[in-house]
Amino acid sequence: MSRVITFGTFDIFHVGHLNILKRAAELGEYLIVGVSTDALNFSKKQRYPICPQHSRAEIVDALACVDEVFYEESLELKREYILQCKADILVMGDDWQGKFDEFSDICQVVYLPRTPSISTTELIEIVKES
Ligand code: C2G
């Protein structure tokens, strides 16, 4: 049984998020998702996500393709998360191409193409302008 892990913020959940989670789930039998915390986002981008972490995690956890959700507290803990979750495959969108190759000693690392023409940043811009 292959266990798949992926990470993300999943703020203002959209079809690009759904697509990557569905495709990640198809690569194995059990999908675990690390949802980045509000504090991690603030430390990375100097702004909090629009939706708080408990809502973002609740939405992801409710999806039929997702088996388990946990909070990603730090970018530096990826190796520990992969090992703790006993993940066989790490999946990320290809905006992260090459960034996680260092983990190929403990799991298979797969980058999937992003869904074109949709992003949280773009959605925020559209709402701001209208
Ligand atoms: N994604 C996608 N297509 C889009 C938008 C996003 O396939 N149009 C994918 C991203 O490539 C990522 C996942 O959806 O794999 C989650 O995207 P974000 O919420 O933007 O997550 P990010 O800020 O990249 O967080 O440790 C890494 C971080 O937690 C990743």
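Residues numbered from 1 in each chain as written. Predicted model: local features only at pLDDT ≥ 70, side-chain atom pairs only at ≥ 80, totals over all residues. Heavy atoms only, no water.

K.L.:
Let's hear about the environment of Val66: which residues, and what values?
P.N.:
With respect to the helices and strands, Val66 occurs in the loop between helix H3 (53-61) and strand E3 (68-72). With relative accessibility at 6%, the residue Val66 sits in the buried group. Expressed as a C-alpha distance, the spacing of Val66 and Met1, which sit 65 residues apart in the sequence, is 15 Å. If we ignore the near neighbours within four places in the chain, the residues touching Val66 are Leu21, Leu31, Val33, Val60 and Asp61. (Helix = DSSP H or I, 4+ residues; strand = E, 2+ residues; numbered from the N terminus. Buried < 20%, exposed > 50% of the residue type's maximum accessible area, 1.4 Å probe, protein only. Contact = heavy atoms within 4.5 Å.)

K.L.:
Help me get a handle on the site of the ligand, residues and values and all.
P.N.:
Lining the immediate environment of the ligand, one finds 21 residues, of which Phe10, Glu72, Lys78, Asp95 and Ile118 sit closest. Interatomic distance of 2.5 Å between a side-chain N/O atom of Lys78 and an oxygen atom of the ligand. Here Thr115 contributes a backbone N or O atom positioned 2.8 Å from a nitrogen atom of the ligand. Coverage of the ligand by the protein amounts to 94% of the 630 Å² it exposes when considered alone. The cavity that encloses the ligand is the largest pocket. Elements that contribute at least two residues to the shell around the ligand include exactly strand E1 (3-8), helix H1 (15-26), helix H2 (38-45) and strand E4 (89-93). Per element, the largest residue contribution to the shell around the ligand is 3 residues, and it comes from H1. Here the shell around the ligand is composed, by residue class, of 7 nonpolar, 8 polar and 6 charged. (Near = heavy atom within 4 Å. Polar contact = N/O pair within 3.5 Å; in protein donor to acceptor, adjacent residues only side chain to side chain. Areas by Shrake-Rupley, 256 points an atom, 1.4 Å probe, with all protein chains shown as cover. 1 Å grid on protein atoms, 1.4 Å probe; cavity = no way out; pocket = protein on both sides within 12 Å on 5 of 7 lines; lining within 4 Å. Sits in = over half its atoms within 2 Å of the grid points. Nonpolar A, V, L, I, M, F, W, Y, C, P; charged D, E, K, R; others polar.)

K.L.:
Lay out the side chain of Glu72 in plain terms, naming residues and giving numbers.
P.N.:
Along the polypeptide, Glu72 turns up in strand E3. The exposure class assigned to Glu72 is buried, which follows from its relative accessible area of 4%. Here the side chain of Glu72 touches Lys78 through a polar contact of 2.9 Å, side chain to side chain. Non-local contacts of Glu72, meaning those with residues more than four positions away in its chain, are made with Phe7, Gly8, Gly34, Val35, Ser36, Thr37, Leu40, Lys78 and Tyr81.

K.L.:
Please set out the layout of surface pockets residue by residue, giving values where relevant.
P.N.:
Gaps left between atoms are located by rolling a probe of water-molecule size over the structure's atoms. Its volume calculated, the largest pocket comes out at about 710 Å³. Contributing to the lining of the largest pocket are 33 residues, with Thr9, His17, Asp95, Trp96 and Arg114 lying nearest its centre. Broken down by element, the lining of the largest pocket gets its largest block of residues, 4 residues, from H1. When the residues that make up the lining of the largest pocket are grouped by side-chain class, the tally is 11 nonpolar, 13 polar and 9 charged. (Points joined across faces, edges and corners; volume = space filled by probe spheres on them.)

K.L.:
If you had to explain the sheet that holds strand E5 (residues 108-112) to someone new, which residues and values would you point to?
P.N.:
The strand order E3-E2-E1-E4-E5 describes an open sheet built from 5 strands, whose pairing is parallel. Of all the strands in the sheet, the pair left with one neighbour each is E3 and E5. Neighbouring strand axes in the sheet, compared pairwise and without regard to direction, differ in orientation by 25 degrees on average. (Pairing = 2+ DSSP bridges. Axes fitted to C-alpha atoms, helices over the stretch in contact; angles between N-to-C directions.)

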